[in-house]
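# Overview (structure and organization)
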Amino acid sequence: MPEFSARSRALATRWLGIGLASVVAVVTLGLAVTDRLSLYISPESVWFACAAAVVTLAGAIWSCALPLGAEEDHGHDHGHDHGPAASRSAEPAASVDDEADRPSGLSRRRLAGVGALAGGVVATGVVVSALVLPPASLSVELAMSRAGEETALFAGADTVALGVADTSTFGVGDWASVFAAATNTAAYDGADVTLQGFVTPGEGDGVNLTRLVITHCVIDAQTAALPVSVDADAYKTGQWVEITGKVRADDDGSLHIEPTDVVAIDEPKDPYEY
């Protein structure tokens with residue numbers, strides 16, 4: 001029975017370590033091969049994630065050469081007699097064992113075991129979910145929940161504030177910085193735009209063209225939203241559209257998009273901006 005218990009602990013330790021890491025590595029490489037890893041991280045980080053996954057799998061293969069339970073072996077030879085020093089250390093060791101045999105020590109060990117088991121179950125559930133559930137982009141509800149936060153200024157915000165930005169390649173995130181930070185809004189009046197995003201409610205009865213912008217991964221996703229002059233009942237919340245039109249400056253200095261054409265589209269393969 002002690003051998004079985006020790007083997008079970010060794011198997012659990014290996015699964016919670018290299019086992020789960022290997023599953024994550026396989027999922028990462030699978031998403032990269034199918035060109036879906038960008039649903040979770042920035043395209044610039046894909047190569048790093050793939051390299052880390054390969055290194056992890058190489059380590060997993062190497063660990064298979066180690067005997068089961070080697071993780072708990074610290075390289076000490078406990079069977080040798082080290083002379084008087086061993087005798088002098090016998091009493092402290094005995095007192096440590098006595099301490100461990102007390103009820104409080106037993107309770108702590110049981111509590112630690114329960115905690116490790118619970119953590120292992122949760123970690124296994126998360127990893128298995130990543131393996132079996134289909135990849136999906138962040139939800140419209142998440143974008144709407146973050147839309148109430150202070151408007152984020154994305155790359156190029158300093159240039160926008162000076163009113164000298166080249167808008168020919170602007171996406172929703174870039175224009176969100178213009179709408180939030182530009183001090184000379186008249187300079188952008190009449191600028192042509194062709195943008196893709198999904199519809200969300202705006203102020204009052206207004207409508208926003210919205211997109212999520214990520215820097216490194218989906219954890220840091222921020223909402224970029226632009227007010228658009230379209231009928232609020234024409235498109236349901238979450239519908240992806242492509243808008244062609246012009247930027248217009250209002251009398252109060254605010255900006256909005258005046259569309260000349262709005263076309264409903266499917267969610268693009270890469271739903272984020274970076």
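Everything below is about the structure shown above.
Residues numbered from 1 in each chain as written. Predicted model: local features only at pLDDT ≥ 70, side-chain atom pairs only at ≥ 80, totals over all residues. Heavy atoms only, no water.

### Looking at unusual backbone geometry
Trans is the common state for peptide bonds, and a negative phi is the common state for residues other than glycine. Of note in the backbone geometry, Asp35 takes a positive phi value of approximately 60 degrees without being a glycine. Along the chain, the position of Asp35 falls in the loop between α1 (2-33) and α2 (46-63). (Helix = DSSP H or I, 4+ residues; strand = E, 2+ residues; numbered from the N terminus.)

### Things to note about the packing of aromatic side chains
According to the stated counting rule, one finds 5 aromatic pairs in the structure shown. On the numbers, 6.2 Å between centres and 70 degrees between planes, the contact of Trp175 with Phe179 is edge-to-face. Note that Trp175 and Phe179 are positioned in helix α7 (residues 172-181) at a spacing of 4 residues, about one turn of the helix. Across this residue pair, the class does not change: Trp175 and Phe179 are buried. Between Phe198 and Trp240, the aromatic rings sit 5.4 Å apart at their centres with planes inclined by 65 degrees, giving edge-to-face as the arrangement. Of the two residues, Phe198 is situated in strand β1 (residues 192-201) and Trp240 in strand β4 (residues 240-249); the sequence distance between them amounts to 42 residues. By relative accessible area, which is 5% here, Phe198 ends up buried. (Phe/Tyr/Trp six-rings, centres within 6.5 Å; stacked < 30°, edge-to-face > 60°. Buried < 20%, exposed > 50% of the residue type's maximum accessible area, 1.4 Å probe, protein only.)

### With respect to α7
Summarising burial for α7: 8 of the 10 residues are buried, a large majority. For α7, the complete set of buried residues consists of Val172, Gly173, Trp175, Ala176, Ser177, Val178, Phe179 and Ala181.

### Quick look at the environment of Glu267
Within the secondary structure layout, Glu267 lies in the loop between β5 (255-264) and β6 (272-273). Residue Glu267 is classed as partly exposed on the basis of its relative accessible area of 42%. Contacts of Glu267, omitting those with residues within four sequence positions, involve Ser137 and Trp240. (Contact = heavy atoms within 4.5 Å.)

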